[in-house]
Number of protein chains: 4
Amino acid sequence: MATLTLSRARTIIRKTLEAGRERDLQPLAVVVLDAGGHVVAFERSDGASAGRFAIAHGKAYGAVMMGLPGSDLQARAAANPAFMGALNGAFGGAIVPVPGGILVRDARGRLLGAVGVTGDTSDNDAQAGQAGIEAARLVAEI
Amino acid sequence: MATLTLSRARTIIRKTLEAGRERDLQPLAVVVLDAGGHVVAFERSDGASAGRFAIAHGKAYGAVMMGLPGSDLQARAAANPAFMGALNGAFGGAIVPVPGGILVRDARGRLLGAVGVTGDTSDNDAQAGQAGIEAARLVAEI
Amino acid sequence: MATLTLSRARTIIRKTLEAGRERDLQPLAVVVLDAGGHVVAFERSDGASAGRFAIAHGKAYGAVMMGLPGSDLQARAAANPAFMGALNGAFGGAIVPVPGGILVRDARGRLLGAVGVTGDTSDNDAQAGQAGIEAARLVAEI
Amino acid sequence: MATLTLSRARTIIRKTLEAGRERDLQPLAVVVLDAGGHVVAFERSDGASAGRFAIAHGKAYGAVMMGLPGSDLQARAAANPAFMGALNGAFGGAIVPVPGGILVRDARGRLLGAVGVTGDTSDNDAQAGQAGIEAARLVAEI
C-alpha cells in the first residue's frame, strides 16, 4: 500500500488550517491517520476547545475503519441508529460518524489514510479538509 | 456438542468469498465462531476496509451468544433499543445486531456455531454466508 | 508500504500449522496482522483451547505496535515489569509480550505486518511461525 | 494559566525530532499536551512503529496529571508498584510512567503542559525532548 508520510501529513494540516482561516471558520483541529488508523500528525489551533483531539480522531478513525467517508457514515447512522451504536460498541466508542472524516487516496485511487477535521460546522470542516488534501496533491473523498 | 472443525470452517469461508465474487459484491470478510463464541477461522479479502474483523465478529458473536440470527437481533433492536443497548453493556459492546450474523447447525439441528459476514449490504452479506454454509453441507439460519 | 495479501497470509498460516505437525507440537493457532495491526487471517487447529485467538492476537499485536518481536518484548518486560504493565494499559490490555509474536518483512526489509503463533511452548511457537513465514518467501524477525 | 500555543508546540516537536536525528536516535514520535492534559500537537516520524501515539501520550499524560516528570513516576512505580497500578486504574490505563514524559514550564516556573517522546531508549527520548523544549526557550523538567 502507498504511504502517508509525515511530510505529506504536515502539508495537509497546514493547508486545512489555512483554508479555515481564509473562510473565517472557527478555530480548527486536524488529525491525519495512516491506512491502519494510527495517528501520523495532529494540530489544534489556539482557541479550539480542549476536547478536539477525540472528535477529529473519531471522524477520521470511523472513515478508515469502515472505508467510508463521514457523510456516508452519517447517512447510515440516520437510517439505522442501532447499527451505528453497535458499531461503536465493537470499536470501543471511537467512531464519530459525521462529515469531516475524509478518506485520502493517491492519484491511482489507493487508500493512504484519513483526515479528521473539527471546530466549525461538520460541512465546513469537511470542505476545509478537502482543500487541505487537494493542496497536498492527493484525492479527498468527503 | 457437535463440532465445527477447522476444515469445515475453511470450506465455509472459501465458499462465502466465492459467492461474494460471483455476485459482484464488495470485498468481504468472514469469521467462523464455534458454539462457545470462540474464533475458529477468519479471512479478510484484499480491498476490504481495515476494521472488518470487529464487524464480522460482532455479527457472529451476537448470534451465537443469543441463539438468534442477525435478522432476529435487528428486529429486537428496532422493537426495543434499550434492551439491545443493555445487552451490549453486558457483553462489553461486542454484539452487532444486523443480518450477516448466521447460526450454523448440522442436519440434525444441533448448533455448531455462527458465521459473521461483512463488506457489502447486510442482506447481501447474509446471502453470501448462507451460500457458503450450505456449500459445506450445513444448515444456515440467517 | 508493501502489502500482506490474503493469499500470502494463507500460505503463512498453512505452512506454520504444517511445521507444527512435523515437529509434533501441540495444536497451534496462527493469526496474521497487517502493518496497521488489523487481522487479515486466523486459523485455530482442532484441539487447540478456546482462548487461542486472544493469545495469538496479543503476540502479533504487541510486535507490530511496538516494532519489536516477542523475544524483545519479553526481555523488556523482564527488565521493567511496570513499563510493560503500563504499556498494556495504554493499549487496552491487548499486548502479550512473549516469543511467538513475529515481525514479517519483505526482502527489502519493509514491514508487512506480524504473525502470532500459540499452542505449544513460546519458543516452539516462534520457530513454527518462522518456518511458515520463510515458506512464503518472506523474512521473519522472531 | 500561561498557555502552550500551537506555535510553541510546533517548535518543540520540530526541535525534538531534529535533536533525535543529530544524535542518530531511532525515529521518534512527539506529543505536546496543554496543562489540562489535552493534545495540542503530535508528529510521528516515518519509520516509527504504528503504536507510538499511545506511548508518547501516556508518558506526557502521566506527567501532567501527576505534576511529576517521567523519571519521578518511574521511581514511584519501582518503590510502590501497587500505587502505580491503582493510579492507572483511576486514569483508565493512560499513564506510562517512564522517562520521556517531560513537564514544560515558562521562565517564571508556571506549568504550561507536558511533552511525551518515544522511539529510542527512555533516557534518549527524554534528552531529545529536553533539547526541543529548551530550543523553544521554555524550561524542561525531565
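Bear in mind the structure is a predicted one, so any value in this text is a computation, not a measurement. Note on numbering: residues in each chain are counted from 1, in written sequence order. Numbering of ligands from 1 and lettering of chains from A proceed in the order in which they are written. Confidence filtering applies because this is a predicted model: local features only for residues at pLDDT of at least 70, side-chain atom pairs given and counted only at 80 or more, and all residues used for totals across whole chains, interfaces and linings. Hydrogens and water molecules were not included; the side-chain quantities draw on all heavy atoms of the structure.

Enquirer: I'd like a description of the environment of Val 64 of chain D, backed by residues and values.
Expert: Residues and elements named next belong to chain D. Structurally, the position occupied by Val 64 is in helix α2 (residues 52–66). Val 64 sits 18 residues away from Asp 46 along the chain, and the two C-alpha atoms are 27 Å apart. In this description, contact between two residues means that some pair of their heavy atoms is separated by no more than 4.5 Å. Sequence-distant contacts of Val 64, that is, excluding residues within four places in its chain, are made with Leu 33, Asp 34, Ala 35, Gly 37, Leu 103, Leu 111, Gly 113 and Ala 114. We count a stretch as a helix when DSSP gives it H or I for four or more residues in a row; a strand needs E for two or more, and each element gets its number in order from the N terminus.

Enquirer: Give me the lowdown on the interface of chain B and chain C, citing residues and values where you can.
Expert: At the junction of the two partners, chain B supplies 17 residues and chain C supplies 17 residues. Defined in terms of a 1.4 Å probe, buried area is the accessible area two parts forfeit on being brought together, summed over both. Carbon and sulfur atoms supply 47% of the area buried between chain B and chain C, which totals about 1600 Å² over both sides. Any carboxyl oxygen of Asp or Glu that lies within 4 Å of a side-chain nitrogen of Lys or Arg is treated as forming a salt bridge with it. At the boundary of chain B and chain C, one finds four salt bridges. Note that Asp 34 of chain B is salt-bridged to Arg 44 of chain C, the shortest N-O span being 2.8 Å. What qualifies as a polar contact is a pair of N or O atoms within 3.5 Å, subject to a donor-acceptor requirement within protein and to the restriction that residues adjacent in sequence count only when both atoms come from side chains. Viewed at the interface, chain C and chain B are joined by 13 residue pairs in polar contact (both at pLDDT 80 or more). Counting residues per element, the ones that place at least two in the side of chain B that touches chain C are α1 (6–22) and β2 (39–44) of chain B. Among the elements that line the side of chain B that touches chain C, the one with the most residues is β2 of chain B, at six residues. Bridge count between β2 of chain B and strand β2 (residues 39–44) of chain C: three bridges; the pairing is antiparallel. Note: two strands are recorded as paired if DSSP finds a minimum of 2 bridges between them.

Enquirer: Can you tell me about the pairing of strand β3 (residues 101–105) of chain D, naming the residues and giving the values?
Expert: Residues and elements named next belong to chain D. With four of five residues buried, β3 is to be regarded as a mostly interior element. Hairpin connection from β3 to strand β4 (residues 111–118): five residues lie between these consecutive antiparallel strands, with Gly 109 at a positive phi of about 90°. Pairing geometry for β3 and strand β5 (residues 139–141), over three bridges, is antiparallel. Bridging across to β5, Leu 103 finds its partner in Glu 141. Burial status follows relative accessibility: with a 1.4 Å probe on protein chains alone, a residue under 20% of its type maximum counts as buried, one over 50% as exposed, and anything between as partly exposed.

Enquirer: Could you give me a rundown of the nonpolar core, with the residues and numbers involved?
Expert: Most often, soluble globular proteins keep nonpolar side chains buried together rather than apart. Here, nonpolar core means buried Ala, Val, Leu, Ile, Met, Phe, Trp, Tyr and Cys residues that are tied together by side-chain atoms lying within 4.5 Å of each other. Val 31 and Phe 42 of chain B together with Val 31, Phe 42 and Phe 91 of chain C are the most contacted members of the largest nonpolar core, which totals 48 residues. No other element matches the eight residues that helix α2 (residues 52–66) of chain C contributes to this core. When near neighbours in sequence (up to four residues on either side) are disregarded, Val 31 of chain C contacts Val 39, Ala 41, Phe 42, Phe 53, Ala 56, His 57, Ala 60, Ala 114, Val 115 and Gly 116 of chain C. With 47 residues, the next largest nonpolar core counts Phe 53, Val 64 and Ala 77 of chain A together with Leu 33 of chain D among its residues.

Enquirer: Go over the sheet that holds strand β1 (residues 29–34) of chain A with me, naming the residues and quoting the values.
Expert: Where strands meet in a sheet, backbone hydrogen bonds hold them as pairs that are either parallel or antiparallel. Taking strand neighbours across the sheet as the criterion, the 10 strands line up as β5(A)-β3(A)-β4(A)-β1(A)-β2(A)-β2(D)-β1(D)-β4(D)-β3(D)-β5(D) in an open arrangement whose pairing is antiparallel. Taken across any chain shown, the strands that pair with only one partner, and hence form the sheet edges, are β5 (139–141) of chain A together with β5 of chain D. For this sheet, the mean inter-axis angle between neighbouring strands, taken without regard to orientation, is 20°. Across the sheet, helix α1 (residues 6–22) of chain D is in contact with β2 (39–44) of chain A together with β1 (29–34), β2 (39–44) and β4 of chain D; its angle to β2 of chain D comes to roughly 25°. Lying over the sheet, α2 of chain D contacts β2 of chain A together with β1, β2, β3 and β4 of chain D, oriented at roughly 145° with respect to β4 of chain D. Only the stretch in contact is used when fitting a helix axis, every axis being a line fitted to C-alpha atoms; angles between N-to-C directions are given from 0 to 180 degrees.

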